[in-house]
Amino acid sequence: MKKIAVYPGSFDPITYGHLDIIRRGLAIFDEIIVAVARNSQKNALFTTDERVGLIQDVLKGEERVTVDTFGGLLIDYVASRGAHVIIRGLRAISDFEYEFQIAQMNSCIGQEIETLFMMTSLQYGYLSSSIVKEVCSLNGDIDKFVPLEVKTALRQKYGMAAK
Ligand code: COA
């Protein structure tokens, strides 16, 4: 049986921190579905389609990864895709409480679904999509945090020339 995991998030936008989790996840699972939340409570900079497009661009050629969107309850989506595992990255102790609460809730309402936490690699422990957006909006260098496609899209959003 194929081992399929869902890696959900808002991905506004995808960063090297997310890509690190996806690459390491592929060593464990046969297939990873990157699931972009359509109605995240966050005020997104990129539309859902733009976020999906960026993820597809940066993961082009990676046949074991598919990109999708979901609305409603995550566990319902996971079940609908025939998966049993949710992957989440943990960056710091501060992530733990929130992630623990969501994982507990998900396991209460969706008994068959397991959450697998992966420690974010050391070099991305401080990273978040918000902080990358802030640095970019202030014309800072974001090369170490996001692939070129994402950097270009971000600079466009902020009305800046490519650099
Ligand atoms: N490296 C670097 N940064 C990372 C990272 C990593 N490995 N993993 C996450 N992050 C960052 C993200 O960039 C994001 O930054 P931001 O807050 O500045 O945008 C932050 O960590 C957390 O984002 P993300 O992992 O995308 O999670 P989220 O909190 O935005 O999304 C959902 C959570 C969408 C998965 C969750 O709310 C959900 O499942 N919603 C569906 C509804 C539902 O089922 N609710 C019931 C749950 S009990």
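So, how was this worked out
Residues numbered from 1 in each chain as written. Predicted model: local features only at pLDDT ≥ 70, side-chain atom pairs only at ≥ 80, totals over all residues. Heavy atoms only, no water. Helix = DSSP H or I, 4+ residues; strand = E, 2+ residues; numbered from the N terminus. Buried < 20%, exposed > 50% of the residue type's maximum accessible area, 1.4 Å probe, protein only. Near = heavy atom within 4 Å. Polar contact = N/O pair within 3.5 Å; in protein donor to acceptor, adjacent residues only side chain to side chain. Areas by Shrake-Rupley, 256 points an atom, 1.4 Å probe, with all protein chains shown as cover. Pairing = 2+ DSSP bridges. Axes fitted to C-alpha atoms, helices over the stretch in contact; angles between N-to-C directions. Contact = heavy atoms within 4.5 Å. Phe/Tyr/Trp six-rings, centres within 6.5 Å; stacked < 30°, edge-to-face > 60°. Patch = residues over 30% accessible without salt bridge, like charges linked within 9 Å, V, L, I, M, F, W, Y side chains within 5 Å. Salt bridge = Lys/Arg side-chain N within 4 Å of Asp/Glu carboxyl O. Core = buried A, V, L, I, M, F, W, Y, C linked by side-chain atoms within 4.5 Å.

Colleague: Before we move on, can you summarise the side chain of His18 with the specific residues and values?
Modeller: By the secondary structure assignment, His18 is in helix α1 (residues 16–25). His18 sits in the buried class, given a relative accessible area of 17%.

Colleague: Would you mind going over the site of the ligand in detail, with residue names and values included?
Modeller: Of all residues adjacent to the ligand, which total 25 residues, the nearest are Ser10, Lys42, Leu74, Ser129 and Ser130. Take Leu74: an N or O atom from its main chain is 2.8 Å from an oxygen atom of the ligand. For the ligand, a nitrogen atom lies 3.2 Å from a polar atom in the side chain of Thr120. Here the ligand loses 83% of its free accessible area of 950 Å² to cover by the protein chains. No other element matches helix α4 (residues 93–109), which puts 4 residues into the shell around the ligand.

Colleague: Give me the lowdown on the sheet that holds strand β2 (residues 31–37), citing residues and values where you can.
Modeller: Taken in spatial order, the 5 strands line up as β3-β2-β1-β4-β5 in an open sheet, and their pairing is parallel. Each edge of the open sheet is held by one strand with a lone partner, namely β3 (65–70) and β5 (114–119). Sheet twist, expressed as the average angle between the axes of neighbouring strands with direction ignored, equals 30°. Relative to strand β4 (residues 85–90), α4 is tilted by about 170°, and along the sheet it contacts β4 and β5.

Colleague: Report on the packing of aromatic side chains, specifying residues and quantitative values.
Modeller: According to the stated counting rule, one finds 4 aromatic pairs in the structure shown. Ring centres of Tyr7 and Phe11 lie 5.4 Å apart, and the angle between their planes is 75°; on these two criteria the pair is classed as edge-to-face. Residues Tyr7 and Phe11 agree in their burial class; the two are buried.

Colleague: I'd like a description of α1, backed by residues and values.
Modeller: When you tally the buried positions in α1, you get 7 out of 10 residues, the bulk of the element. Inspection of α1 places Gly17, His18, Leu19, Asp20, Ile21, Ile22 and Gly25 among the buried residues, and these make up the whole buried set. Its side-chain oxygen placed 3.1 Å from the backbone nitrogen of Gly17, Thr15 serves as the N-cap of α1.

Colleague: I'd like a rundown of a nonpolar patch on the surface, residues and numbers included.
Modeller: The grouping of Leu73, Met105 and Ile109 at the surface amounts to a nonpolar patch, some 290 Å² of accessible area in total. Secondary-structure assignment places Leu73 in the loop between β3 and α3 (74–80). Residue classification places Leu73 among the partly exposed residues on the basis of a relative accessible area of 46%.

Colleague: Account for the nonpolar core, with residues named and values stated.
Modeller: In this structure, Ile14, Ile22, Ile55 and Ile87 are the most contacted members of the largest nonpolar core, which totals 33 residues. Of all the elements, helix α2 (residues 48–58) adds the most residues to this core, at 4 residues. Ile14 has contacts with Leu19, Ile22, Ile55, Val58, Val146 and Val150, leaving out every residue within four places of it along the chain. Ile33, Ala35, Ala37 and Tyr77 belong to the second-largest nonpolar core, a separate cluster that totals 13 residues.

Colleague: An account of the pattern of salt bridges is requested, with residue identities and associated values reported.
Modeller: Across all of its chains, the model carries 8 salt bridges by this definition. Between Arg81 and Asp68 there is a salt bridge, and its shortest N-O distance comes to 2.8 Å. Residue Arg81 is found in the loop between α3 and β4, and its partner Asp68 is found in strand β3; the two are separated by 13 residues along the sequence. Residue classification places Asp68 among the partly exposed positions, given a relative accessible area of 24%. Measuring nitrogen to oxygen at the nearest pair gives 2.8 Å for the salt bridge that ties Asp143 to Lys151.

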